[in-house]
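# Coordinate analysis (summary)
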Amino acid sequence: MVQVKDAQKAARDADLDLVEVAPTAQPPVCRIMDFHKYVYDQTKKTKEQKKKQHQHQLKEIQIKPKIGEHDLQTKVGHLRRFLLHGDKAKVTLIFRGREMSHPELGRIVLDRVAEELKDVAQIEKPPSSEGRLMVMYLAPKSTGIRGSESSEDGKKDSHAEAEDS
């Protein structure tokens, strides 16, 4: 056990800081270190961890009820890419003028989009009308189910090999 004055003198001589590590311990525990370098290293570690995380975004595609077949396939391709990347998607169908009197045509288009993407997406919020807009939210299908099936197969193979031995 070192006296506080002796520890402060040793820290000053080494041109470092005396940092209290465990204040609740009896007696309190201190460390001689460069505190600014420690804080810098900690912030660098947290930035590095944040880089590795994928931030899920909400991507939006806008379509109209009278969209052409090829245009619809192009938009579906974009949605597929967004969903496979792990992002959520918002499909907004915009009615103009007299198209407002036939909302069922817009619903048919949104149902087609959902049908085309059913292998990679699940409907998070079904189509709903909001004034001139009809909106549907899609989320990527969870891959956890497929991952657990493959790991179970791996377990079966390792058990089979163990039985053969």
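Predicted model only: the values in this text are computed from it and were never measured.

## What to know about unusual backbone geometry
A negative phi angle is the norm for most residues apart from glycine, just as the trans form is the norm for most peptide bonds. Pro 27 follows Gln 26 through a cis peptide bond whose omega is -5°. Residue placement: Pro 27 occurs in the loop between β1 (17-22) and β2 (29-33).

## What to know about the environment of Leu 79
With respect to the helices, strands and loops of the structure, Leu 79 is situated in helix α3 (residues 69-84). Each residue touching Leu 79, except ones within four places of it in the same chain, is listed here: Ile 61, Ala 89, Val 91, Val 113 and Leu 117.

## Describing helix α4 (residues 103-116)
Over its 14 residues, α4 runs 20 Å from end to end, which matches the ideal 20 Å to within 8%, given 1.5 Å per residue. For α4, the complete set of buried residues consists of Gly 106, Val 109, Leu 110, Val 113 and Ala 114. Take α4 and look down its axis: the buried residues cluster within an arc of 140°, on one side only. Along its buried surface, α4 packs onto β3 (58-63), α3, β4 (88-94), β5 (121-130) and β6 (133-140).

## Some points on the nonpolar core
One finds Ile 63, Leu 79, Val 91, Val 113, Leu 117 and Leu 138 to be the most contacted residues of the largest nonpolar core, which totals 21 residues. Breaking this core down by element, the ones donating at least two residues are β3, α3, β4, α4 and β6. A total of five residues in this core trace back to one element, the largest contributor, which is α3. Among all residues touching Leu 117, those that are not within four sequence positions of it are Val 76, Leu 79, Arg 80, Leu 83 and Leu 138.

## Focus: the pairing of β1
The sheet contact formed by β1 and β2 spans five bridges and is antiparallel. By the bridge assignment for β2, Glu 20 is matched with Cys 30.

Rules used throughout
- Going along each chain's sequence as written, the residues are numbered from 1 onward.
- Per-residue local features of the predicted model are confined to residues with pLDDT of at least 70, and side-chain atom pairs are confined, for both listing and counting, to 80 or more; whole-chain, interface and lining totals are unaffected and use all residues.
- Side-chain calculation: all heavy atoms of the structure are included, whereas hydrogens and water are not.
- Secondary structure elements follow DSSP: runs of H or I of four or more residues count as helices, runs of E of two or more count as strands, with numbering from the N terminus.
- A contact between two residues is defined here by any heavy atoms of the two lying within 4.5 Å.
- Given a helix with a known number of residues, its expected span is that number minus one, times 1.5 Å.
- Relative accessibility under 20% of the residue-type maximum defines a buried residue, over 50% an exposed one, and the middle range a partly exposed one, all with a 1.4 Å probe and only protein chains included.
- Taken from the helix axis, the directions to the C-beta atoms give the arc we talk about.
- Among buried residues, the Ala, Val, Leu, Ile, Met, Phe, Trp, Tyr and Cys ones that are joined through side-chain atoms within 4.5 Å form a nonpolar core.
- Should DSSP find at least two bridges between two strands, the strands are regarded as paired.

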